[in-house]
Amino acid sequence: PTNEAEVEVFSVPSYACQRRTTLENRNTVLTDALSLLAENAELSAEEGRGVAFRRAAAVLKVLPEPVTDMTQLRGLPCLGEHSLRVIKDILENGASSEVESTKQSERFKALKVLTGVFGVGAKTADRWIREGIHDLQQLKDSRQTLNRAQRAGLEHYDDINQPVSKAEADAIGEIVEEAVASVLPGAQVTLIGGFRRGKLSGHDVDFLITHPEEGREVGLMPKIVSWLESQGFLLYQKTTRNSYLESDDGPARPCSNMDRFERCFSVFKLDEDEKRRAGQTQSHHASAEDGGLKPWRAVRVDLVVSPISQFAFALLGWTGSKLFERELRRWAGHEKTMSLSSHALYDNTQRTYLRATSEEEIFAHLGLDYIPPSERNA
Ligand code: 8DG
Ligand code: MN
Ligand code: MN
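Thresholds applied
- Position numbers for residues start from 1 in each chain and track the written sequence from start to end.
- Lettering of chains starts at A and numbering of ligands starts at 1, both following the order in which they are written.
- Whole-chain, interface and lining totals are the exception, using all residues; otherwise, since this is a predicted model, local features are given only for residues with pLDDT of at least 70 and side-chain atom pairs are given and counted only at 80 or more.
- Side-chain measures were taken over the full set of non-hydrogen atoms in the model, leaving aside hydrogen atoms and water.
- A donor here means an N, O or S atom no more than 2.8 Å from the metal, or no more than 3.2 Å when the metal is Na, K or Ca. Since water is not included, a site may seem to lack partners.
- Only protein chains enter the calculation, and the probe is 1.4 Å; a residue is then buried if its accessible area is under 20% of its type maximum, exposed if over 50%, and partly exposed in between.
- Runs of E in the DSSP output that reach at least two residues are strands. Runs of H or I that reach at least four are helices, and both are numbered from the N terminus.
- In the analysis that follows, any N or O atom pair within 3.5 Å is treated as a polar contact, provided that within protein one partner can donate a hydrogen and the other can accept it, and provided that, for residues neighboring in sequence, both atoms belong to side chains.
- Axis angles are defined between N-to-C directions and span 0 to 180 degrees, where every axis is a line fitted to C-alpha atoms and, for a helix, only to the segment in contact.
- Should an angle fall under 35 degrees it is called roughly parallel, over 145 degrees roughly antiparallel, and 65 to 115 degrees roughly perpendicular, with every other angle called oblique.
- Crossing chirality is assigned from the near helix's rotation relative to the far helix, an anticlockwise turn below a right angle marking it left-handed and a clockwise turn marking it right-handed.
- The contact criterion used is simple: two residues touch if any of their non-hydrogen atoms lie within 4.5 Å.
- Charged residues are taken to be Asp, Glu, Lys and Arg, nonpolar residues to be Ala, Val, Leu, Ile, Met, Phe, Trp, Tyr, Cys and Pro, and polar residues to be all remaining types, Gly included.

### Some points on the coordination of the manganese ion (ligand 2)
By definition of the ideal shapes, a tetrahedral metal site with four donors has angles of 109.5 degrees and an octahedral site with six donors has angles of 90 or 180 degrees.
Right, on to step 1. In the first shell of the manganese ion (ligand 2), the protein supplies D204 (OD) and D206 (OD), at 2.0 to 2.1 Å from the metal.
Right, on to step 2. Between the manganese ion (ligand 2) and the manganese ion (ligand 3), the interatomic distance is 3.6 Å, and D204 donates to each metal, bridging them.
Right, on to step 3. The class for D204 is buried, based on a relative accessible area of 7%.
Right, on to step 4. The buried category is assigned to D206, whose relative accessible area is 10%.

This is the structure we're talking about:
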């Protein structure tokens, strides 16, 4: 029994964007459990519950020591009744019965497998489950019409569900650099997403592309995609237009060029050779010479093109984590009466856009201490 006077009590600010969250986590048992419940809620169209579990997990991620006693949690933000019950269960019994039963539930397992197909979201997976489709074999045997993304997702299922290493991300980075340099010399490529936050593996690789001269980036994405396609680097790609006017996460503003292509969701074909050239010494995969296996893997890659005037907002908005982004927007809206998107920051009181050429300036506009990417792992 722990004497309450000896228990360390932690103090944590309530918004994740006010905190420094590194990849070092002393409470992975607890945060894994809460993340699994968050995932289950998200897959079940219960976004509110999902966010609540994500916020609770994020608070535990910044604690300097493993939690051993419920009294240590007194006064911490974002820990609701449900999350506390899960934590208590784990501290007392070594596991949470709710987490264990969720993990083993047929519905959760089916949702995980089906949404593991690139292009399949929770809604589609849910419909398939109601039609009796619970696994990939049943999906293949069914006469479901799959769209192009889903067909690619099914074809490259194993590769896409295998984590991407930093070495693989760097190899993809070199290819993207070459593509960009070929179609628009002077354009700049920045690694974003989890790898910019210092993660050693990820589910995809994300890049932001811009040009120091405003306007030169117009029409850039289709050119990059054509170059990549001509070199045989793309197994799948879908390029979408700038959705600024349609987006609901920021203020609408007249957009000067509606034909600006902004995002590309893709699946790259990465040769093991390419990876070696990028400096990886050893491969997890058996190489072609070792016998039989294909000498390449499929990797999910997201490309975003931004005009230089919006670059800082795009950089901040696409570096993540997803919870960190959500918390930044919540902070902006609720504490500052501002609207933050990956295009702009609008002050609803002064009715003006706040300019910024760096992430530091955006944090300053928001009245927040600057948090570097490696500490945005909420
Ligand atoms: P991971 O790939 O290693 O799993 O982690 P990640 O890199 O943090 O996740 P991600 O799913 O690749 O997302 C990277 C960032 O991009 C994250 O902050 C959320 C952001 N993002 C999307 N979709 C959209 C979108 O539609 N609009 C904007 N503005 N940002 C988005 O993933
Ligand atoms: Mn990513
Ligand atoms: Mn991504």
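After that view of the structure, there is still more to cover.
### Some points on the coordination of the manganese ion (ligand 3)
Right, on to step 1. Ligation of the manganese ion (ligand 3) by protein atoms is provided by D204 (OD), D206 (OD) and D302 (OD), these donors lying 2.1 to 2.2 Å from the ion.
Right, on to step 2. As a motif over one chain, the donors of the manganese ion (ligand 3) read D-x1-D-x95-D.

### Considerations on the side chain of S341
Right, on to step 1. Note on placement: S341 falls in the loop between β8 (338-340) and β9 (345-347).
Right, on to step 2. A polar atom in the side chain of S341 sits 3.0 Å from the backbone nitrogen of H343.

### Quick word on the environment of E168
Right, on to step 1. Mapping E168 onto the fold places it in helix α10 (residues 166-183).
Right, on to step 2. On the basis of relative accessible area, E168 is assigned to the buried category, the value being 1%.
Right, on to step 3. The spatial distance from the C-alpha of E168 to the C-alpha of D204 is 10.0 Å, given a sequence separation of 36 residues.
Right, on to step 4. Of note is the side chain of E168, whose polar atom sits 3.0 Å from the side chain of R297.

### Notes on the packing of helix α5 (residues 106-115) against helix α6 (residues 122-130)
Right, on to step 1. Contact geometry for α5 and α6: axes closest at 9 Å, N-to-C directions at 125 degrees. When the interaxial angle is binned, α5 and α6 end up oblique. Crossing of α5 against α6: the hand is right-handed. Residues R107, A110, L111, L114 and T115 of α5 form the contact with α6, whose own contacting residues are A122, A125, D126, W128 and I129.
Right, on to step 2. Class assignment for the residues of the contact of α5 with α6 results in seven nonpolar, one polar and two charged.

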